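Here are the chains, one letter per residue:
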Amino acid sequence: MHVSAEPLVDVHAHFVTPAYVEAAQAAGHRQPDGMRGYPAWSVAEHLELMDSAGIRTSVLSISSPGIHFGDDRAARALTREVNEFAADVLRAHPGRFGHFASLPLPDVDGALAEAAHALDVLGSHGVALETNAAGIYPGDRRLEPLWQELDSRAAVVFVHPTSPPCHEHVSLDRPRPMLEFLFDSARTVSDLVFSGVLRRHPRIRWIFTHGGGALPLLTDRMELFRTVFGVGSADGPPVQEQLRALWFDMAGTPFPHQVPALTRTFGHDRLLYGSDYCWTPAAGTLAQVASVDAAPQPEAGTWRELTTRNAARLLPWVADV
């Protein structure tokens, strides 16, 4: 471990279980999001990677293709199973792992029940959603009861990208995480803005991945359409002001371009570290951490110090680890 460096808090780390992979494959997700297959994952290998990279704590979540494969009852059962599995991992390794609980969206009643169980019983540190659930984006009014509940809890909501509807027509037979994930994150944020969800539910603490995807380049254009073309609320705060309330992780390729673009647009105060392990292999994770350490550092210290300090503000429990 990098004993001389500030240990990282990884808010974007994934796990899989044999039952989860089996259910996803049975539902037709044999090449999830156009990738070759599912990664292997174990607690021991994850801890080894964390120690090699200088990561103190990793917050676990299920990645795309999510947890709901068409049947509400099966999705509720699978969601409970993976959430209970993660809770066992946290109990066995206190301080090393956190957990953002899966929800079986678009089943709203199931999601409300599972959110209560995960947050009140299992001690999860937030919930994890996909950018869309079977083509339903977060501005859809059917999801309003869930946002009301999560707002009442001031919950942390980690939003991971997934394939957009009709991806087969736009992805050009290439893995969707390469481009479509970044576009779908921006699409989802725009829906939160223009549907008014961010304004109606200001206590939800949203995390978006991969430096906001394409969002830093589109914020000014979104504001143009709000003010000139009447999209959304004309009397609301500017788009950039609304988006500065979001949190962003640096998973993927943060340097030399993505993090500088993000911080020029939204500042440094809500930037978090994310590895995307285990969907990013260990070698790729170590290379990404090396790029973070080798990049020009922010004025007030290092990227490690800055992101870990920000994580402690968002997730106060990590400061006690």
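Now for a look at the structure at hand. What you see is a predicted model; the values in this text were computed from it and never measured.

Scoring rules and cut-offs
- Residues numbered from 1 in each chain as written.
- Predicted model: local features only at pLDDT ≥ 70, side-chain atom pairs only at ≥ 80, totals over all residues.
- Heavy atoms only, no water.
- Helix = DSSP H or I, 4+ residues; strand = E, 2+ residues; numbered from the N terminus.
- Rg over C-alpha atoms; globule rule 2.2 N^0.38 Å.
- Axes fitted to C-alpha atoms, helices over the stretch in contact; angles between N-to-C directions.
- Parallel < 35°, antiparallel > 145°, perpendicular 65-115°, else oblique.
- Left-handed = near helix turned anticlockwise from the far one by under 90°.
- Contact = heavy atoms within 4.5 Å.
- Nonpolar A, V, L, I, M, F, W, Y, C, P; charged D, E, K, R; others polar.
- Core = buried A, V, L, I, M, F, W, Y, C linked by side-chain atoms within 4.5 Å.
- Buried < 20%, exposed > 50% of the residue type's maximum accessible area, 1.4 Å probe, protein only.
- Salt bridge = Lys/Arg side-chain N within 4 Å of Asp/Glu carboxyl O.

### Description of the overall build of the protein
From N to C terminus, the protein includes 13 helices and eight strands. The C-alpha atoms of the protein give 18 Å as radius of gyration, which agrees with the globular expectation for 321 residues (20 Å, within 12%). Along the first, second and third principal axes, the C-alpha atoms of the protein reach 50 × 50 × 40 Å.

### What to know about the packing of helix α2 (residues 43–53) against helix α12 (residues 282–294)
Contact geometry for α2 and α12: axes closest at 10 Å, N-to-C directions at 20 degrees. Here α12 runs roughly parallel to α2, going by the angle between their axes. As for the relative orientation of α2 and α12, their crossing is right-handed in sense. Where α2 abuts α12, its residues L49, S52 and A53 lie against A282, T285, L286 and V289. Counted by class, the contact of α2 with α12 contains five nonpolar, two polar and no charged residues.

### Section: the packing of helix α3 (residues 72–92) against helix α4 (residues 108–122)
The geometry of α3 relative to α4 is characterised by a closest axis approach of 11 Å and an angle of 15 degrees between their N-to-C directions. Overall, the two elements α3 and α4 adopt an arrangement that is roughly parallel. Crossing angle aside, the handedness with which α3 passes α4 is right-handed. Where α3 approaches α4, its residues R76, T79, R80, N83, E84 and A87 are matched on the opposing element by D109, G110, E114, H117 and L122. Across the contact of α3 with α4, the residue classes break down as two nonpolar, four polar and five charged.

### Some thoughts on the nonpolar core
Y20, W41, W147, W206 and L243 are the most contacted members of the largest nonpolar core, which totals 71 residues. Here W206 is in contact with W147, V157, V159, L192, V197, L198, L246 and W247, once residues within four sequence places are set aside. Counting 14 residues, the second-largest nonpolar core is a separate cluster that includes V11, V156, L314 and V318.

### Comments concerning the pattern of salt bridges
Under the criterion given, the structure shown has 12 salt bridges. Measuring nitrogen to oxygen at the nearest pair gives 2.9 Å for the salt bridge that ties E114 to R80. Of the two residues, E114 is situated in helix α4 and R80 in helix α3; the sequence distance between them amounts to 34 residues. Across the pair R226 and E223 runs a salt bridge, and its minimum N-O distance is 2.9 Å. Placement of both R226 and E223 in helix α9 (residues 215–227) is noted, with a separation of three residues, approximately one turn of the helix. With respect to class, R226 is no different from E223; both count as buried. Taken together, the salt bridges that share partners define one network made up of D120, E149 and R153.

### Considering unusual backbone geometry
Excluding glycine, most residues fall at negative phi; most peptide bonds, likewise, are trans. Residue P65 follows S64 across a cis peptide bond; omega there is 15 degrees. Despite not being glycine, D276 shows a phi value in the positive range, around 70 degrees. Relative to the helices and strands, D276 is located in the loop between β8 (271–272) and α12.

The analysis is restricted to geometry; functional conclusions fall outside its scope.
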